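What follows is each chain in one-letter form.
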Amino acid sequence: MTDAGDQPQFTAAVIGAAGAIGAAIVRELESRIAGARVIGLSRPGEAQRSLGHLPIDITAEDSIAAAAAEVAAISSALDLVLVTTGILHGADLRPEKTWRSLSRNSMERAFLVNAIGPALVGSAFLPLLARNRRVVFAALSARVGSIGDNALGGWHSYRASKAALNMLVRNFSIELAARNRQGICVALHPGTVDSPLSRPFHKGMAEQQVMTPERSARCLVDVIERLRVEDSGRFVDWKGEILPY
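Residues numbered from 1 in each chain as written. Predicted model: local features only at pLDDT ≥ 70, side-chain atom pairs only at ≥ 80, totals over all residues. Heavy atoms only, no water.

Describing the environment of His53
Considering the arrangement of structural elements, one finds His53 in the loop between α2 (46-51) and β3 (54-55). Relative accessible area serves as the criterion here: at 11%, His53 is assigned to the buried category. When the C-alpha atoms of His53 and Gly16 are compared, they prove to be 9.6 Å apart, with 37 residues separating the residues in sequence. Among the polar contacts listed, one links the side chain of His53 to the side chain of Ser42, at a separation of 3.1 Å. (Helix = DSSP H or I, 4+ residues; strand = E, 2+ residues; numbered from the N terminus. Buried < 20%, exposed > 50% of the residue type's maximum accessible area, 1.4 Å probe, protein only. Polar contact = N/O pair within 3.5 Å; in protein donor to acceptor, adjacent residues only side chain to side chain.)

Okay, here's the thing in structure tokens:
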């Protein structure tokens, strides 16, 4: 993933660039790839304005369309689109320990942010990937979204919404291959990262099990660089290991 000589400038769009992992990935890409142009997109607000990011609200179709149009005006031949958004808990959302805790509102919120939003981002941003060279579309999923790896149950809305995201990524990979034989589309598990999303659930975990956002970003960019076309449609963790769907 290098920008050499007469090759087009490497250009990436990172959605969720104000988040812990998203911000670390932006910094990693900019420091690792000479001359890289990294377009950060984040929720409208103070963080977006102060960081110079383009605004995007992944829960609103018109906002996604407007953001894609702004990115297209900068570059309509992206090398990388990375969706780093996600929700695990909030004022009206907590991981459910039992089916008795399920509610329509919490499930709708989880699916909107973790599956529907990234799907609509894919619909708007996949067409902006270059058609004549290696390109990557990746979305951050979570190991707990693996059906085959689920031995504990619980966390129903989060698991199910991430499993839905994994299916969407698989679908996108098939469609992307018809457009660009060098196109790669993957779901990525970033590991357990010290971030607002997972911090309330670190209790009982060994310190070495929790990564800094910077380490996760380095590992994820390493994985993205090593991806082959044969990996398209897969679910890959931060170590490069293939996870079961």
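And the narrative resumes.
Regarding the confidence of the model for the protein chain
On average, residues of the protein chain carry a pLDDT of 89, and 88% of them reach 70 or more. Across residues 2-6 the pLDDT falls below 50, and counting only partners more than four positions away or on other chains, this stretch makes 6 contacts in the model. (pLDDT = per-residue confidence, 0-100. Contact = heavy atoms within 4.5 Å.)

Re helix α4 (residues 104-125)
In a regular helix each residue adds 1.5 Å, so 22 residues correspond to 32 Å; α4 covers 29 Å between its end C-alpha atoms and thus fits that length. In the structure, α4 departs most strongly from a straight axis at Leu112, where the bend amounts to approximately 45°. Residues of α4 that are buried make contact with β1 (11-15), β2 (37-42), α3 (61-74), β4 (80-83), β5 (135-140) and α5 (156-179). (Expected span 1.5 Å × (residues − 1). Bend = angle between axes of the 7 residues up to and from the residue.)

Looking at the environment of Val223
Turning to its location among the elements, Val223 is positioned in helix α6 (residues 213-226). For Val223, a relative accessible area of 3% gives the class buried. For the pair Val223 and Lys239, spaced 16 residues apart in sequence, the C-alpha to C-alpha distance is 7.1 Å. What Val223 contacts, discounting residues up to four positions off in sequence, is Leu188, Val236, Asp237, Trp238, Lys239 and Gly240.

Topic: the nonpolar core
The nonpolar side chains of soluble globular proteins are, as a tendency, buried together. Counting 36 residues, the largest nonpolar core has Ile15, Leu41, Ile56 and Phe125 as its most contacted members. Considering every element that reaches this core, the biggest residue donor is α4, with 5 residues. Every residue in contact with Phe125, bar those within four places of it in the chain, is listed here: Ala13, Ile15, Leu41, Ile56, Ile64, Ala67, Ala68, Val71 and Val81. Formed by 31 residues, the second largest nonpolar core is a distinct cluster that contains Val14, Leu188, Leu220 and Val223. (Core = buried A, V, L, I, M, F, W, Y, C linked by side-chain atoms within 4.5 Å.)

Things to note about the packing of α4 against α5
To describe two helices that pack against each other, one gives the angle between their axes and the distance between the axes. Where α4 contacts α5, the axes come no closer than 8 Å and their chain directions differ by 15°. When the axes of α4 and α5 are compared, the pair comes out roughly parallel. Handedness of the α4/α5 crossing: right-handed. Across the interface between the two elements, Ser106, Met107, Ala110, Phe111, Asn114, Ala115, Pro118, Ala119 and Gly122 of α4 pack against Ser157, Tyr158, Ala160, Ser161, Lys162, Ala164, Leu165, Leu168 and Phe172 of α5. In terms of residue class, the contact of α4 with α5 is built from 12 nonpolar, 5 polar and 1 charged. (Axes fitted to C-alpha atoms, helices over the stretch in contact; angles between N-to-C directions. Parallel < 35°, antiparallel > 145°, perpendicular 65-115°, else oblique. Left-handed = near helix turned anticlockwise from the far one by under 90°. Nonpolar A, V, L, I, M, F, W, Y, C, P; charged D, E, K, R; others polar.)

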